[in-house]
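Given next are the chains, with one letter for each unit.
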Amino acid sequence: MKTRITELFGIEHPIVQGGMHYVGFAEMAAAVSEAGGLGVITGLTQRTPEGLSKEIARCREMTDKPFGVNLTFLPAVTPPDYPGFVQAIIEGGVKIVETAGNNPQKWLPMLKEHGIKVIHKCTSVRHSLKAEAIGCDAVSVDGFECGGHPGEDDVPNMILLPRAAEELTIPFVASGGMANARSLVAALALGADGINMGTRFIATQEAPVHENVKRAIVAASELDTRLIMRPLRNTERVLDNPAVERLLEKERTLGAALKFEDIIGEVAGVYPKVMTDGDVEAGAWSCGMVVGLIHDIPTCKALLEGIVSEAEAIIKGRLAGFV
Ligand SMILES: Cc1cc2nc3c(=O)[nH]c(=O)nc-3n(C[C@H](O)[C@H](O)[C@H](O)COP(=O)(O)O)c2cc1C
């Protein structure tokens, strides 16, 4: 399948793996890229620029196909060493960066100067247009369904994607709620040039996370995610568990008085406990509503080839049959 996204990134299938904290290690990115998609290392999971340099080098040992690095700009009192991370990306010879969390304008000249393509992930048409205006090469349009941070506008992809298609000139991928061939066909029909998946990639053979996490995803339904931190205007979609219920109870009780410190026990330092140790009830961790469509733990190759070949069959068969 050829789209503006496969052309832009030099990949076989129009399928991107979004950056995921404590999931996007070299093993994940390499497996997706080897399978013909675009794998992405999560920059900040490597605590230092040196750590990221090593992770990039490890990934390069596992694949000679293109892969990217995610740079998430977090609201933080003491920000991570972003200049160092950008330098590690440039020196590591990475040619694709997925930015998220905040406007990447400050870093674009440096990235562009080194021939790096930037795909910015955002949750609204206005932010997508801003990304286009500042010179991003593509956007990942992340709907309300998505795992992680859906923003505060609550516009699902059935509306957000065709709205993005009305306004954008640069290519974009549909992010949030994407899992299978039907997702890909629908995304293309709604105007996107491909799909970005997070949650679906966690339940794959190669995802370097504890088996408990994969099992929790397969067991969950589309009714099992919750939105947390809405009162802090830092909404996150997570898989429900007792820690999340505890957190939501605090949100209900404290109302507008809620502060980050009140819920720190349920959100801070959770990822290594969940993803590495397999303690899936250690706290709140991102997960999309798409979890309801995930019923197996395939290899990335089987997953991507299945999505693309079945999508082609849907387009040539069922859809062509209507006209
Ligand atoms: C466990 C997990 C961790 C994530 N961590 C990040 C992150 O660190 N940076 C980021 O930009 N997006 C992060 N995301 C969002 C994904 O990159 C992607 O945009 C999202 O999962 C798409 O929605 P889906 O889960 O419905 O496919 C994370 C998602 C999950 C499920």
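The structure presented is a predicted model; accordingly, all values stated were derived computationally and were not measured. (Residues numbered from 1 in each chain as written. Predicted model: local features only at pLDDT ≥ 70, side-chain atom pairs only at ≥ 80, totals over all residues. Heavy atoms only, no water.)

Turning our attention to the site of the ligand. Near the ligand lie 24 residues; those nearest to it are Gly19, Thr72, Lys121, Gly177 and Thr199. A distance of 2.7 Å is found between an oxygen atom of the ligand and a backbone nitrogen or oxygen belonging to Gly19. Contact distances for the ligand include 2.7 Å between an oxygen atom and a side-chain N or O atom of Lys121. With the chains in place, 93% of the 600 Å² that the ligand exposes on its own is no longer accessible. For the shell around the ligand, the elements supplying multiple residues, two or more each, are β3 (67-72), β8 (195-197), α9 (199-202) and α13 (270-276). Here the residues of the shell around the ligand sort into eight nonpolar, 14 polar and two charged. (Near = heavy atom within 4 Å. Polar contact = N/O pair within 3.5 Å; in protein donor to acceptor, adjacent residues only side chain to side chain. Areas by Shrake-Rupley, 256 points an atom, 1.4 Å probe, with all protein chains shown as cover. Helix = DSSP H or I, 4+ residues; strand = E, 2+ residues; numbered from the N terminus. Nonpolar A, V, L, I, M, F, W, Y, C, P; charged D, E, K, R; others polar.)

The final tally for this structure, using the stated rule, is three aromatic pairs. The interplanar angle of 5° and the centroid separation of 6.5 Å between the aromatic rings of Phe73 and Trp107 together place this pair among those described as stacked. In this pair, Phe73 sits in the loop between β3 and α4 (82-91) while Trp107 sits in the loop between β4 (96-100) and α5 (108-113), placing the two residues 34 residues apart along the sequence. Each member of the pair Phe73 and Trp107 is classed as buried. In textbook terms, an aromatic cluster arises when at least three aromatic residues are bridged by ring pairs, as seen for Phe73, Tyr82 and Trp107. Of note, Arg237 hangs over the ring of Phe144, and the distance from its end group to the ring centre comes to 4.9 Å. (Phe/Tyr/Trp six-rings, centres within 6.5 Å; stacked < 30°, edge-to-face > 60°. Buried < 20%, exposed > 50% of the residue type's maximum accessible area, 1.4 Å probe, protein only. Lys NZ or Arg CZ within 6 Å of the ring centre and 35° of its normal.)

Moving on: helix α11 (residues 242-254). Between its first and last C-alpha, α11 extends 18 Å over 13 residues, near the 18 Å set by a 1.5 Å rise per residue. Among the residues of α11, those classed as buried are Ala243, Val244, Leu247, Leu248 and Glu251. Buried residues of α11 fall within an arc of 135° about the axis and therefore sit on the same side. Opposite the buried face of α11, by more than 90 degrees, sit the exposed residues Arg252 and Thr253. In the core, the buried residues of α11 are packed alongside β9 (225-228), β10 (236-239) and α12 (260-267). At the N-terminal end of α11, a side-chain oxygen is found 2.9 Å from the backbone nitrogen of Ala243, two or three residues along, and the residue is Asn241. The positive-phi residue at the C-terminal boundary of α11 is Gly255, with phi of around 55°. (Expected span 1.5 Å × (residues − 1). Arc of directions from axis to C-beta. Contact = heavy atoms within 4.5 Å.)

Here the focus is the side chain of Ser128. Turning to its location among the elements, Ser128 is positioned in helix α6 (residues 125-134). For Ser128, a relative accessible area of 0% gives the class buried. Polar side-chain contacts of Ser128 include one of 2.8 Å to the backbone oxygen of Ser124. Residues within four places of Ser128 in sequence aside, it is in contact with Cys122, Val139, Val141 and Leu168.

Enumeration over the complete set of coordinates arrives at 18 salt bridges. When the shortest N-O distance is used, the salt bridge between Glu27 and Arg58 registers 2.8 Å. Here Glu27 is found in helix α2 (residues 26-34), whereas its partner Arg58 is found in helix α3 (residues 49-62), with 31 residues between them in sequence. We classify Arg58 as partly exposed; its relative accessible area is 32%. Connected through shared salt-bridge partners, Glu27, Glu55 and Arg58 make up one network. (Salt bridge = Lys/Arg side-chain N within 4 Å of Asp/Glu carboxyl O.)

These values are about where atoms sit, not about what they do.
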